[in-house]
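Inside the fold
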Amino acid sequence: MATGDTIRYIFLGLVGLAVLLFGLKQWNKHKEKKTIVTELRLHVNPTASFEQFYAADAEKSLFKAMSLMHRAEDDLRIPPHVLLDLAFEKKESGNILGNADPASDYELDPRERLIRS
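Only a predicted model underlies this, so the values are computations on that prediction, with no experimental measurement involved.

**Structural notes on unusual backbone geometry**
Phi is positive for Arg77, close to 60 degrees, though the residue is something other than glycine. Note that Arg77 resides in the loop between α2 (55–76) and α3 (80–87).

If you want it as structure tokens, here you go:
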């Protein structure tokens, strides 16, 4: 085998390895984002959120949600408002149904207003 062929195979192998590692890194980020959004949806749900019967449970849920938002901002560079939009499953037009007039006044429900403040 010629030296040029060996160098070409090594180069193509390194390029393939770099593409594979980049793809795995992006896939892991996507999985982590999906996990964080799923866990945050559990914490903003009315039945399992800050409306707990015991104050300790509500505080624990609040701190868990704050920790998820901090982890998403640090690791994935997702701003908190974008993460909350994903957790509340907002559409691009600013309302939940997505078919209303985007120029109309959209009001947050009291639970969402409390969480966003």
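Having seen it, we continue.
**Here we look at the nonpolar core**
Ranked by internal contacts, the top residues of the largest apolar core, which has 14 residues, are Ile36, Leu40, Val44, Met69, Leu83 and Leu84. The set of elements that each furnish at least two residues to this core consists of α1 (3–44), α2 and α3. Of all the elements, α2 adds the most residues to this core, at 5 residues. Contact partners of Leu83, with chain neighbours within four places excluded, come to Ile36, Val37, Leu40, Leu68, Met69, Ala72 and Ile78.

**A word on the confidence of the model for the protein**
Overall, the predicted model of the protein reaches an average pLDDT of 80, with 74% of residues at or above 70. For the protein, helix α4 (residues 110–116) is the element with the lowest average pLDDT, namely 69, and α1 is the one with the highest, namely 93.

**Points about a nonpolar patch on the surface**
Residues Ile10, Leu14, Leu17, Leu20, Leu21, Leu24 and Trp27 make up a contiguous nonpolar surface patch of roughly 710 Å² in combined accessible area. Relative accessible area serves as the criterion here: at 39%, Leu24 is assigned to the partly exposed category.

**A closer look at the environment of Glu89**
When you line up the elements, Glu89 lands in the loop between α3 and α4. On the accessibility criterion, Glu89 (47% relative accessible area) is partly exposed.

**Some points on the pattern of salt bridges**
Scanning the entire structure with this criterion turns up 3 salt bridges. Arg71 is the partner of Glu32 in a salt bridge, and the nearest nitrogen-oxygen pair spans 3.7 Å. Of this pair, Glu32 sits in helix α1 while Arg71 is found in helix α2, placing the two residues 39 residues apart along the sequence. Among the ionic pairs, Glu39 bridges to Lys64, the shortest N-O distance being 3.8 Å.

**Things to note about α3**
For α3, every residue scored as buried is listed here: Leu83, Leu84 and Ala87. What you see down the axis of α3 is that its buried residues fit within an arc of 100 degrees, all on one side.

**Topic: the packing of aromatic side chains**
Taken as a whole and judged by the stated rule, the model has 0 aromatic pairs. If you follow Arg8 out to its NZ or CZ, it ends over the ring of Tyr9, 5.4 Å from the centre.

What counts, and at which threshold
Residues numbered from 1 in each chain as written. Predicted model: local features only at pLDDT ≥ 70, side-chain atom pairs only at ≥ 80, totals over all residues. Heavy atoms only, no water. Helix = DSSP H or I, 4+ residues; strand = E, 2+ residues; numbered from the N terminus. Core = buried A, V, L, I, M, F, W, Y, C linked by side-chain atoms within 4.5 Å. Buried < 20%, exposed > 50% of the residue type's maximum accessible area, 1.4 Å probe, protein only. Contact = heavy atoms within 4.5 Å. pLDDT = per-residue confidence, 0-100. Patch = residues over 30% accessible without salt bridge, like charges linked within 9 Å, V, L, I, M, F, W, Y side chains within 5 Å. Areas by Shrake-Rupley, 256 points an atom, 1.4 Å probe, with all protein chains shown as cover. Salt bridge = Lys/Arg side-chain N within 4 Å of Asp/Glu carboxyl O. Arc of directions from axis to C-beta. Phe/Tyr/Trp six-rings, centres within 6.5 Å; stacked < 30°, edge-to-face > 60°. Lys NZ or Arg CZ within 6 Å of the ring centre and 35° of its normal.

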